[in-house]
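One-letter residues, chain by chain:
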Amino acid sequence: MEGTMMGFISPVLGLGAKGNSVAGRGKRGFGLSVNMTVAANTDSVASGSDKEEWASRNAMYGLSNEQKLKAMTLPDAENPFTAKYIAFDESDTTEYSLDKVVYRAQKGGLLDVQHDMDALGQHSPEEWKELFDRRSGRTVWPFGSGVWSKKEWVLPGIPNEDVVSMFEGNSNLFWAERFGNEIGMTDLWVKQCGNSHTGSFKDLGMTVLVSQVNHIIKKQGGIKAVGCASTGDTSAALAAYCAAAGIPSIVFLPADKISLAQLVQPIANGSIVVSLDTDFDGCMKLIQEVVEEYPIYLANSMNSLRLEGQKTVSIEIAQQFDWEVPDWIVVPGGNLGNVYAFYKGFKMMKDLGLTKRMPRLVVAQAHNANPLYAAYKNGWDFQPMVAERTLASAIQIGDPVSVHVRQQARNVPPFPRCSHQAWLFVSSAEGNSRSESL
C-alpha cells in the first residue's frame, strides 16, 4: 500500500467506512453515515433558508477589492483575538509572545501555539463557516489563500501587510474510486496538498513561519536569516517564501539523499545550500547548534508556527465536505508534525462547534524508518533508530522531533503531540503491509 499511497502528490488520505456514502453525493461520500449527513446538512444553513444562504454566498459579486476586503474582515472587537506560545509539558508554565525568538520551553520541551478560544467562541459556528466560505479561493489579499482565509485561527495578531503568501492551500480532493475498490473502500479521497507553489504541503506551514519572521524583522529586527535541515521539501518551501519576502535563507541537506528537483529549488531561489555527509537527523542536530550561536531563525517542524498553517488542511477537508469530517485520516509519518497539526485543526473545529466529532488519525510509517511502530511493539519504550532507505525519501527519519512531546506533556506512551485514538500502519518497501490497533 505504501507505494501506491506515497505515489500521490498529497501526504493525506481520507478513508470512509466500507459501504457508507454521503446522502446527496451518491457514492462519492467521505464515509459518513446517512443520518449524520442529514443532520450536518441541516445545521450548515446559517440563515435558516436556502434562498438567504444563496444570497449570502453571492454577496461578493460586483464589489471593489476594498469592499470585498471589508466584507471579509470581522468587525473590530473589544477583545481582539490573540495567540501565544505555551509548553506542552503541563508541569511547565512557560508562556512566550509569538514575537519572541524561542523554540523550547524552560524545561526543555517543545512549545505549542495556544489561541484564545474564549474570544474565538464569541462568534457562532455559522459565522465562522460563512466567513471562511466567503474568503476561500478568492483573489483578495491575503484571504484568498487557503491558510490565510483562516487567519484568526492561525496568526491573529499579524498585520495583513506582513503576510508572505503565494495563495497556497485550497487544494482539491481527488476521488480515488479505482484504488478504493481495490481495498474495499467505496468512499476514498486523496487531499492533493502537493498542488502548491513548491510541490509539497510544506508551503502551508512555511507561509506562516516566514510571515511571522517578516513581522518580527519589521517590528524589532535581530533576525539575519532563516535556516533549516531538510530532506528536500522543507528547503524548497523555505527558499521560495524567504525569496518572496527578501529574507536570506540557508539549508542543510544530506548529501546524495534528495532528488535533483528538490535541490534545484533552493539554489534557484538564492539559498545558501550546505551538503553534509550525514542523514536528516544529523543535519537537524547541526542546524539546532547553529541557531543557538547565530541570529538565524529555525524553520524546522520543532517550530510550532509551521503547524498552525498545516492544521488548515483539516479545516479545508471539512469545508470541502460541507463541514462534515471523515471517519479516518491517513498521514505518512516522518517528523510527525503533520499528525498533531491535523489533530489540532479538527479539535479546534469541534471545540468551536463547526463540526460534531473527531476523525480517527492513522500514522503510516515505512518499514525502514518505523521508530514509532517499534516503540509500540516494545511497550512504548521509544528508541531512535538509524533510518534506512525508504521509497519516499521525506519519511526517512529515525528520530522524529514530535514523538517526544506526547510523553513529556501527559506522561503516557509517546504519540505525536495528541491524544486522540489512532491506528499505526507500517508497510515494508516490498509492499507487504500490516496494521495494529493502538
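Preceding this section is the structure that the text describes.
Owing to the predicted nature of the structure, the values given are computational and were not obtained by experimental measurement.

## What to know about the overall build of the protein
Point 1. What the protein contains, in helices and strands, is 17 helices and 14 strands.
Point 2. Split into buried and exposed, the 438 residues of the protein put 55% on the buried side.
Point 3. Sequence separation of 24 or more characterises 66% of the internal contacts of the protein that already satisfy a separation of 6 or more.
Point 4. Accessible surface computed for the protein: about 18,300 Å², of which carbon and sulfur atoms make up 50%.

## Some thoughts on the sheet that holds strand β3 (residues 95-96)
Point 1. Pairing is antiparallel in the open sheet, where three strands are placed in the order β3-β2-β4. Each of the sheet's edge strands pairs with one partner strand only, and the pair in question is β3 and β4 (111-115).
Point 2. Relative to β3, strand β2 (residues 83-87) runs antiparallel, the two being bridged by two bridges. Paired with I86 across the bridge in β3 is E95.

## Quick notes on unusual backbone geometry
Point 1. Residue P142 is reached from W141 by a cis peptide bond, and omega for that bond is -10 degrees.
Point 2. Inspection of the secondary structure puts P142 in the loop between α6 (125-135) and α7 (151-154).
Point 3. Positive phi is not limited to glycine here, since F167 has a value of about 55 degrees.
Point 4. Residue placement: F167 occurs in the loop between α7 and β5 (173-175).
Point 5. Residue classification places F167 among the partly exposed positions, given a relative accessible area of 31%.

## A short note on the pairing of strand β11 (residues 328-332)
Point 1. With four of five residues buried, β11 lies mostly within the body of the structure.
Point 2. Relative to strand β12 (residues 360-366), β11 runs parallel, the two sharing five bridges. When the sheet's bridge partners are listed, V330 is paired in β12 with V362.

## Considering the nonpolar core
Point 1. Ranked by internal contacts, the top residues of the largest apolar core, which has 93 residues, are Y85, W128, W153, V210, V226, L238 and Y297.
Point 2. Here the element with the most residues in this core is helix α15 (residues 337-351); it accounts for eight residues.
Point 3. What Y297 contacts, discounting residues up to four positions off in sequence, is Y85, V101, Y103, L209, V213, I223, A225, V226, G227, V291, N303 and L305.

## Regarding the packing of helix α14 (residues 312-320) against α15
Point 1. With their axes 7 Å apart at the nearest point, α14 and α15 run at an angle of 50 degrees to one another. Here α14 is positioned oblique relative to α15, judged by the angle of their axes. Of the two elements, α14 crosses α15, and the hand of that crossing is right-handed. Along its contact with α14, which presents V313, S314, I315 and A318, the element α15 presents A341, F342, G345, F346 and M349.
Point 2. Tallied by class, residues from the contact of α14 with α15 come to seven nonpolar, two polar and no charged.

## Points about the environment of Y297
Point 1. Inspection of the secondary structure assignment puts Y297 in strand β10 (residues 296-298).
Point 2. Take Y297: its relative accessible area is 1%, and that puts it in the buried class.
Point 3. Sequence-wise, Y297 and Y103 are 194 residues apart; in three dimensions their C-alpha atoms are separated by 9.5 Å.

## Thoughts on the pairing of β2
Point 1. Bridge count for β2 against β4 is five bridges, and the pairing is antiparallel. Looking at β4, one finds that K84 is bridged to Q114.

## Some details on the sheet that holds strand β8 (residues 249-254)
Point 1. The four strands are arranged β9-β8-β7-β10 in an open sheet whose pairing can be described as parallel. Looking along the sheet, the strands with just one partner apiece sit at the ends: β9 (272-276) and β10. In this sheet, adjacent strand axes meet at a mean angle of 25 degrees when their direction is disregarded.
Point 2. Two strands pair when backbone bridges link them, and β8 and β9 are joined in this way by five bridges, in the parallel orientation. By the bridge assignment, F252 is partnered in β9 with V274.
Point 3. Where helix α12 (residues 280-293) meets the sheet, it contacts β7 (225-229), β8, β9 and β10, and its direction lies at approximately 150 degrees from that of β8.

## Considerations on the packing of helix α10 (residues 233-245) against helix α11 (residues 260-268)
Point 1. Between α10 and α11, the least distance of the axes is 8 Å, while the angle of their chain directions is 25 degrees. The angle between the axes of α10 and α11 places the two elements in the roughly parallel class. As α10 runs across α11, the sense of the crossing is left-handed. Side by side, α10 and α11 meet where D233, S235, A236 and A239 of the first sit next to Q262, Q265 and P266 of the second.
Point 2. Classifying every residue of the contact of α10 with α11 by side-chain character gives three nonpolar, three polar and one charged.

About the criteria used
Residues numbered from 1 in each chain as written. Predicted model: local features only at pLDDT ≥ 70, side-chain atom pairs only at ≥ 80, totals over all residues. Heavy atoms only, no water. Helix = DSSP H or I, 4+ residues; strand = E, 2+ residues; numbered from the N terminus. Buried < 20%, exposed > 50% of the residue type's maximum accessible area, 1.4 Å probe, protein only. Contact = heavy atoms within 4.5 Å. Areas by Shrake-Rupley, 256 points an atom, 1.4 Å probe, with all protein chains shown as cover. Pairing = 2+ DSSP bridges. Core = buried A, V, L, I, M, F, W, Y, C linked by side-chain atoms within 4.5 Å. Axes fitted to C-alpha atoms, helices over the stretch in contact; angles between N-to-C directions. Parallel < 35°, antiparallel > 145°, perpendicular 65-115°, else oblique. Left-handed = near helix turned anticlockwise from the far one by under 90°. Nonpolar A, V, L, I, M, F, W, Y, C, P; charged D, E, K, R; others polar.

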